[in-house]
Amino acid sequence: MAARFWRVAVRKAARSCRPDLPAVGRKLEILRKRAAFLAIAASGKRWVAPGFILQIGTAHPATPAVFYGLTASRKIGNAVTRNRARRRLRALAAEILPHASPEHDYVLIARATTPTGKYNDLRQDLVKGLKRMKVWREDACP
RNA sequence: CCAGACGGUCGGAUGAUCGCCCCUUCCUUCAGGUUGGGGAGGAAAGUCCGGGCUUCAGGGGAAAAGGGUGCCGGAUAACGUCCGGUCGGGGCGACUCGAAGGAAAGUGCCACAGAAAACAAACUACCUUCUCGUAAGGGAGGGAAAAGGUGAAAAGGUGCGGUAAGAGCGCACCGCGUCUUUGGCAACAAAGGCGGCACGGAAAACCCCACCCGAAGCAAAACCGAAUAGGAGCCGCAUAGCGCAUACCUGAUAUUCGUAUCAUAGGUGCGCGGCGCUUUCCCCGCGCGCGGCUCGGGUUGGUUGCUUGAGGCGUUUGGCAACAAACGUCCCAGAUGAAUGAUCGUCCAUUGCAGCAAUGCGAUGACAAAACCCGGCUUAUAGACCGUCUGGCGCU
């Protein structure tokens, strides 16, 4: 009940701050180049949750958008499973990552439980992880 | 109604909120907004066959090697696929399965067991002659291959006759071989004659015969952009060439500036020769130095290829069928760290618990996701539905 209310509030906030572009941490861009993934992995900062692994790249000047990438390896299952994991992570990123600092790049790595776990758990874990790593911005539009 | 055979269709439904990719309308400050439309499969899978397409200039012929296919006829762009037959297995049946050419071209093989595994042979045992012995029985020679035993297989089978015992030794039927006739396009089948049995298995050992096959793949390939980038150097080989023609182009000379002349300047054309052209050879044709080593550089990106196709659906006609033709109609994914979804309800299935029950609470949702495109094959697949047929049982 509380979670539902919280989610609606976020959506309202996201909608309300749309007019004032270009504000920090609003848009999302997906990384597609192998070199970018390697650079983020090399920074070594990672946070492991039951449903996924979060990697954070080294700090750089803030960009207009938050860059993030998704990885679903052969290990977690066949093509259907990998697709489902990647799509759940993409939905999660669309909801949560506007709150992340645009001074870093992020990579979400799918684990075996990603396609089957509870969506609420995934969401809470990601928020927790961002706060732990001190890249959480409470207001999406400061 | 039960059990089964074959073929086909589908393979969760629906709503709300928030999104993604492609095409498109309009607005436009060129960054977006906006209108409308489309967006995974029967196997998209495995990548096992067959094609299209692209590149290696291309085309034709022959040979060798290698690979593939293998009853007959048809379908098809093609196939190892499909359809219809034949033959041989399985099933009461519907139906189904089949590495189904040649063993009389040749070489080799047939384990174990057994006497013997392919010019047949003879262990036990059978018959007989001679001989030794009182006898039981033994020894030597001959006949024969029926009985026993071994084996996947023992050189036709069963019955009768025959014989010292036996044996296709003779006869009948069956099998086999061969010839003829008939039916069939054919594979093959049927009938009749002849033969007295010759020809064991395995070709999934090599092999022979007939037919087919160039290679690599969309990371193909083309273009744009970028870059000193079809780069530079050295070595080796080679006739790095020769002849003829040509004033058309560049060039040279002369010039009255209009042009003329020059073939021992280059280009160009033709011929000869050399090398190369996807294993080799020949012919046509095409291209032109070739080969090796060293140094330096490049490999990001974008666009095209990219989805209108041996296309889908419907009707009619031909055909037993696979399929073909005609007409009508439709446009139906195009991503590239890879879109086609995420979340939450309701319903539908399956299932667990509780309950006398109505029902309630919870869990789960087959296999599996396009990657240039088609035709097949193979494998995976919870469940639902439809049609045709077979064998039972019951009823009228």
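Everything here concerns the structure above.
Description of the structure in this document. (Residues numbered from 1 in each chain as written. Chains lettered and ligands numbered in written order. Predicted model: local features only at pLDDT ≥ 70, side-chain atom pairs only at ≥ 80, totals over all residues. Heavy atoms only, no water.)

## Structural notes on the nonpolar core
It is characteristic of soluble globular proteins that their nonpolar side chains tend to be buried jointly.
Turning to step 1, where the next piece is worked out: With 27 residues, the main nonpolar core has Phe52, Leu54, Leu89, Tyr106, Leu108, Leu126 and Leu130 as its most contacted residues.
Turning to step 2, where the next piece is worked out: Where this core is concerned, the elements lending two or more residues are β3 (52-56), β4 (65-71), α3 (79-96), β5 (106-110) and α4 (119-132).
Turning to step 3, where the next piece is worked out: Looking at which element gives the most residues to this core, the answer is α3, with five residues.
Turning to step 4, where the next piece is worked out: Formed by six residues, the second largest nonpolar core is a distinct cluster that contains Phe37, Ile40, Ile53 and Val107. (Core = buried A, V, L, I, M, F, W, Y, C linked by side-chain atoms within 4.5 Å. Buried < 20%, exposed > 50% of the residue type's maximum accessible area, 1.4 Å probe, protein only. Helix = DSSP H or I, 4+ residues; strand = E, 2+ residues; numbered from the N terminus.)

## Brief notes about the environment of Asp121
Turning to step 1, where the next piece is worked out: Turning to its location among the elements, Asp121 is positioned in helix α4.
Turning to step 2, where the next piece is worked out: Here the alpha-carbon distance between Asp121 and Pro50, two residues 71 residues apart in the chain, equals 9.0 Å.

## Structural notes on the pairing of β4
Turning to step 1, where the next piece is worked out: Buried residues dominate β4, accounting for five of its seven residues.
Turning to step 2, where the next piece is worked out: Across four bridges, β4 lies against β5 in parallel orientation. Within the sheet, the bridge partner assigned to Thr71 lies in β5 and is Ile109. (Pairing = 2+ DSSP bridges.)

## Notes on the protein's contact with RNA strand B
Turning to step 1, where the next piece is worked out: With respect to spatial proximity, 19 residues lie near RNA strand B, and among them Arg32, Arg34, Asn83, Arg87 and Arg88 are the closest.
Turning to step 2, where the next piece is worked out: The contact atoms of RNA strand B, taken as those within 4 Å of the protein, divide so that sugar and phosphate hold 58%.
Turning to step 3, where the next piece is worked out: Counting only elements with at least two residues in the surface near RNA strand B, the list comes to α2 (34-43) and α3.
Turning to step 4, where the next piece is worked out: Here the surface near RNA strand B takes nine residues from α3, the largest share from any one element.
Turning to step 5, where the next piece is worked out: When grouped by side-chain class, the residues that make up the surface near RNA strand B number six nonpolar, three polar and ten charged. (Near = heavy atom within 4 Å. Nonpolar A, V, L, I, M, F, W, Y, C, P; charged D, E, K, R; others polar.)

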